[in-house]
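Chain and residue survey
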Amino acid sequence: MVTDTPADTPPDTALEERLRELAGSVPDPELPMLTLAELGVVRGVRRTGAAAVEVELTPTYTGCPAVESMAEDIERVLRERGGMAEVRVRRVLAPAWTTDDITPEGRRKLAEAGIAPPRTTRPSGPVPVTLSTRRAGPAAPETDLRCPHCGSAETELLSPFSSTACKALRRCTACREPFDHFKELT
Amino acid sequence: MSAAPDPATADPAAADPATAAGALALGDDALVLSHRLAEWTGHAPVLEEEVALANIALDLLGQARTLLSLVGDEDELAFLREERAFRNVQLVEQPNGDFAQTIARQLYFSVYQELLYGQLAAGGEAAPLAPLAAKAVKEVAYHRDHAEQWTLRLGDGTETSHARMRAGLDALWRYTGELFRPVEGLAVDWAGLEAAWLETVGGVLERATLTLPEGPRATGWSAGGGREGVHTEPFGRMLAEMQHLHRSHPGASW
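The sections below set out a description of the structure shown in this document. Just so it is clear, the structure is predicted and the values come from calculations on it, not from any experiment. (Residues numbered from 1 in each chain as written. Chains lettered and ligands numbered in written order. Predicted model: local features only at pLDDT ≥ 70, side-chain atom pairs only at ≥ 80, totals over all residues. Heavy atoms only, no water.)

**Brief notes about the pattern of salt bridges**
A full pass over the atoms with the stated rule returns 28 salt bridges over all chains. Its salt-bridge partner being A:Arg90, residue A:Glu54 comes within 3.6 Å of it at the nearest N-O pair. Residue A:Glu54 is found in strand β2 (residues 52-57), and its partner A:Arg90 is found in strand β3 (residues 86-91); the two are separated by 36 residues along the sequence. For the residue pair A:Glu54 and A:Arg90, the accessibility class agrees, reading buried in each case. With its nearest N and O atoms 2.7 Å apart, the salt bridge here joins B:Asp28 to B:Arg81. With B:Asp28 in helix α1 (residues 17-38) and B:Arg81 in the loop between α3 (74-79) and α4 (90-93), the pair connects residues that are 53 residues apart, well separated along the chain. An identical accessibility class is assigned to B:Asp28 and B:Arg81; each is buried. Salt bridges here are not isolated pairs; linked through shared partners, they connect A:Arg46, A:Glu54, A:Glu56, A:Arg88 and A:Arg90. (Salt bridge = Lys/Arg side-chain N within 4 Å of Asp/Glu carboxyl O. Helix = DSSP H or I, 4+ residues; strand = E, 2+ residues; numbered from the N terminus. Buried < 20%, exposed > 50% of the residue type's maximum accessible area, 1.4 Å probe, protein only.)

**Focus on helix α4 (residues 104-112) of chain A**
Think of an α-helix as 3.6 residues a turn; residues three or four steps apart then line up on the same face. Residues and elements named next belong to chain A. For α4, every residue scored as buried is listed here: Gly106, Arg107 and Leu110. The arc enclosing the buried residues of α4, seen along the axis, measures out at 100°, which places them on a common side. For α4, exposure combined with an orientation more than 90 degrees from the buried face picks out Pro104 and Glu112. The inward-facing, buried residues of α4 abut α2 (36-39), β4 (115-116) and β7 (178-182). Trailing α4 by a residue or two, Gly114 shows a phi angle of about 90°, which is positive. (Arc of directions from axis to C-beta. Contact = heavy atoms within 4.5 Å.)

**Structural notes on the packing of helix α5 (residues 99-121) of chain B against helix α8 (residues 190-207) of chain B**
Residues and elements named next belong to chain B. Relative to each other, α5 and α8 sit at 140°, their axes nearing to 10 Å. Taken together, the axes of α5 and α8 are oblique relative to one another. Handedness of the α5/α8 crossing: right-handed. Here Leu107, Tyr108, Val111, Tyr112, Leu115, Leu116 and Gln119 of α5 lie close against α8, whose contacting residues are Trp190, Leu193, Ala196, Trp197, Thr200, Val201, Val204 and Leu205. Across the contact of α5 with α8, the residue classes break down as 13 nonpolar, two polar and no charged. (Axes fitted to C-alpha atoms, helices over the stretch in contact; angles between N-to-C directions. Parallel < 35°, antiparallel > 145°, perpendicular 65-115°, else oblique. Left-handed = near helix turned anticlockwise from the far one by under 90°. Nonpolar A, V, L, I, M, F, W, Y, C, P; charged D, E, K, R; others polar.)

**Here's the deal with the interface of chain A and chain B**
At the junction of the two partners, chain A supplies 35 residues and chain B supplies 36 residues. Note on chain A versus chain B: buried area summed over both sides is about 3,000 Å², and carbon and sulfur give 59% of it. Taken together, chain A and chain B are joined by one salt bridge. Residue B:Arg65 is joined to A:Glu68 by a salt bridge in which the shortest nitrogen-to-oxygen separation is 3.0 Å. Tallied by class, the residues present in the side of chain A that touches chain B amount to 18 nonpolar, 10 polar and seven charged. (Buried area = accessible area lost by both parts, 1.4 Å probe.)

Purely spatial values, then, with no claim about function.
Below is the structure:
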């Protein structure tokens, strides 16, 4: 959707930048160690009037129940700290969010909180996603997926579904600790 | 359930009638299967499966909300329609049965949904359902993998698990022909979809030491009619439970 800034509203890129920072600074309700900017879900912040702003938000998973709470938090912060009277949060689906949208800082924070960050696919070109049989013996060690507790690359998948839609449950075969893995969605 | 537009689903683009018909069919598939899977909560064989089935149900619910919002008010559509107004295929409304039968339903449906969404996503972002399809197809890949892994474990497991998987696949076979009847508003190569579905499902079953069931799917005596609002007897009871709270407390919120 294209929303032209009304002619009576002078462009104010500094203000828009400030609003973008505010919206991006909202913590994720389910992964509070991450901001929405680090998660990569704030797609755009655009003033639509002198004290009106529209924010484009994209969900990680279609059914992610945190989206509503994110939208409320964005509205609150842009009203209270951004001085906006009218805040509209619009959900956008295309282009679909991928785990490559999580920033390096976001990955670092996930690992620090005991959640193995998703492996990136973008820098090394397309990576075929293999979802074939896993029952024939242990999988080869995945060197870029490490136990967030002890750092071992010897981990195994317990279930591709875990405490939230975006995580898988794994176990470290070195220290025996289970851990969450922010699973790849590319 | 409130007057303000819900930011989780609010979309400025109202669908044209043909797109709305397609969105309603796919949205009802997702909604009804989501509810069936949620019935496992508290009953799944192990905790990891409880979490997995609830997660799959949640993905489907998100798809349903997006699709139904293209048609009208999502709550009204979900909770205030009568049975004959639902356009889901009969496969998704079938009771859970035992765990193997639920896995059989998941295998049949997730392979179908992945192929269908794949085709819709290929229509490009200008196609009204393409953004949702492009996003959801990635989630459904995980659902299909889940069903596939369990089909392999159960089929190539013990004598009992093999027999139960076989029984689940057989019981639902007659509902699979309906999946490939053309739906208004969806630009899909249905014959190609069916061929790909048979190949994929057949391949999984072969690896699981099983075979495609025999018996009618689309000709002779077979089930179907869900897309025209004709549903099987268990669906009414499912809807009664699903809609009861909303109908008892209209407009309630928390």
